[in-house]
Each structure stands twice: as structure tokens, then as C-alpha cells.
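Examining the three-dimensional arrangement
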Amino acid sequence: MLKFGKKVTIFTIRKENIEKKERTRMKKVEKRNFQSVKTKPGYVRTALPLLLLVVFAIMGLVKDSYKPGKITGTHYESEMLGISFDAPEGFEMSSQDQIDEQLKSSVSFANVMKSTSGRRMEMAAISEKGTSVSVITWNMEGDDMSAEQYVESSKKTVMQQYETKVKFTNDGEIFSKKIAGETYECLKLDFTSDDTKRCSESYVRMVDGYAVLIGIAYGPENTAERDAVLEAVKAL
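Definitions and limits used
- Residues numbered from 1 in each chain as written.
- Predicted model: local features only at pLDDT ≥ 70, side-chain atom pairs only at ≥ 80, totals over all residues.
- Heavy atoms only, no water.
- Buried < 20%, exposed > 50% of the residue type's maximum accessible area, 1.4 Å probe, protein only.
- Helix = DSSP H or I, 4+ residues; strand = E, 2+ residues; numbered from the N terminus.
- Arc of directions from axis to C-beta.
- Core = buried A, V, L, I, M, F, W, Y, C linked by side-chain atoms within 4.5 Å.
- Contact = heavy atoms within 4.5 Å.
- Phe/Tyr/Trp six-rings, centres within 6.5 Å; stacked < 30°, edge-to-face > 60°.
- Pairing = 2+ DSSP bridges.
- Axes fitted to C-alpha atoms, helices over the stretch in contact; angles between N-to-C directions.

Some words on helix α6 (residues 223-232)
- Buried residues of α6: Glu225, Arg226, Val229, Leu230 and Ala232, and no others. The arc enclosing the buried residues of α6, seen along the axis, measures out at 160°, which places them on a common side. α6 presents Ala224 and Glu231 as exposed residues on the side facing more than 90 degrees away from its buried surface.

Points about the nonpolar core
- Membership of the largest hydrophobic core comes to 25 residues, with the highest contact counts inside it found for Tyr76, Phe85, Met123, Val133, Tyr203, Ile214 and Ile216.
- For this core, the elements supplying multiple residues, two or more each, are β3 (83-86), β4 (91-93), β5 (120-127), β6 (132-139), β9 (182-193), β10 (196-207), β11 (210-218) and α6.
- For this core, the element with the highest residue contribution is β11, accounting for 4 residues.
- When residues no more than four places from it in sequence are discounted, the contact partners of Tyr76 are Gly69, Lys70, Ile71, Leu81, Ile83, Ser84, Phe85, Met93, Glu122, Met123 and Val135.
- If you look at the next biggest cluster of nonpolar residues, it comprises 21 residues, including Trp138, Ala147, Met159 and Val166.

Quick notes on the packing of aromatic side chains
- Taken as a whole, this structure holds 2 aromatic pairs when the rule is applied.
- Between Trp138 and Tyr150 the ring centres are 5.5 Å apart and the planes differ by 55°, which places this aromatic pair in the tilted class. Of this pair, Trp138 sits in strand β6 while Tyr150 is found in helix α5 (residues 147-161), placing the two residues 12 residues apart along the sequence.
- Residue Trp138 is classed as buried on the basis of its relative accessible area of 0%.
- Owing to a relative accessible area of 9%, Tyr150 belongs among the buried residues under this scheme.
- An angle of 80° between the planes, with centres 6.3 Å apart, marks the rings of Phe175 and Tyr203 as edge-to-face. Here Phe175, found in strand β8 (residues 173-179), pairs with Tyr203, found in strand β10; they are 28 residues apart in sequence, far enough to count as distant.

Some words on the sheet that holds β3
- Sheet architecture is open: 4 strands sit in the order β1-β2-β3-β12, paired in antiparallel fashion. Strand pairing shows two members of the sheet lacking a second neighbour, β1 (70-72) and β12 (233-235), which therefore form its edges. The average undirected angle you get between the axes of adjacent strands in this sheet is 20°.
- As defined by bridge partners, β3 adjoins β12 across 3 bridges and the pair is classed as antiparallel. Counted as the bridge partner of Phe85 is Val233 from β12.
- Where α6 meets the sheet, its contacts fall on β3 and β12, and the angle it forms with β12 comes to roughly 20°.

Okay, structure coming up:
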């Protein structure tokens, strides 16, 4: 019994040390990804952790009824979500393979992907000026939370999670907006990171038990590109 107890103790200490090292490594990678403001065109932008990390952390399991959208060149459409998107001039659309590769390269995202399978980044595009847009879906697993409730509850979580990493320059603006004929609830956050001003807008609505999020990140001088992105989302 003494020998067995000793082995368990050694194993436990060793396991805790490994987990501690992994947590430290994940924090370093997450910090590096967050500071990546100039991502190469054609790849998923990592300057959206305010939005994406929180979203990926709460996703549930995908149902068999889920029908992914399709990316063809600079065109994306989803019959299930009832929307289409044509990348505006100056934007480059990522292929699904590029999206998958970028997610796998992020330890923070990859760690969540191992524990849940309900997240899906449907589409991602980025402009030459660094404005990025993505469409993300996740299963609410029977939770009847409304889009408004989700945005309200996530505001506090996001601002607490990143209060030591960025300097917020607003308190989180929440408003409703019509996009392609549907009402979305939006959380707008303005912040400064490494002396660079950024804005992130998260537009959320619920569709057949799934949450749909259109995320946009841009510099405050590039509101025209943000507007072009929103106008490019059309109803099927």
C-alpha cells in the first residue's frame, strides 16, 4: 500500500507539472496570436480573440442535421443559415482548408477543438488593410437563450478576460442591427493593443437551435470596409 501510494503521488506531481507547463505554453501562444495584427491575406485573422476565444469556449455538440455552408472562390453561401457573402473588392476569402489549418495552428483553439465538436468557422476573409470578417456557428444544445441575452452575458466575460491584455476605450456598446433582412444583436468593443487601435463587432442571432455570429475586426479608420462587409451579406 505504501509503495502504491508513493507511485500515485509521484504520478500526480508529474502530471501537475506537465499541465502547468502546458498552461504556460498556451498563454504565451495566445499572447503572440493576439498581438498578430498583420496576418497574411488568405488566412484566418488571429486579431479577434475578444470574440473568437469566448465563442469557441462555449460551443456544444453538432447535430446530424447541421448543414455546413460552401466556399467557392470569393463566394460563400449557407442554405441552412439563409445567407450568402461575396468578398468585397480588396478582400481575400480563405478556403476551408486554410481555415482549418489556421485553427489547428492556434493552441488555444486546438485545445477547445479536442474537447468539443460543435464549433465551426463557416467563412473567413481579410482585406489588404487588415479588416477581417468571419461567420461562426455553434450548437446551443437546447439552451433557449436569446441573442440579446447572449450578447449581454458575454460582454462582462470578454471584458474581464482581456482587461489585463488590452486597454478598452469603451464600455462595450450593445445594439440591434438588420443584416440581410434579419435582426442581429451586436456587441461592439473598442480597444488599444501595443499602441494600435482596433474595433471588434460581434453580430449574433439564433437559427434553429444554433447561434450564428458574424465577427468583424477593423481599424477605426476603416469603417468603410466594415460597412462594405455588412452590405455584402445577402439573404438567399
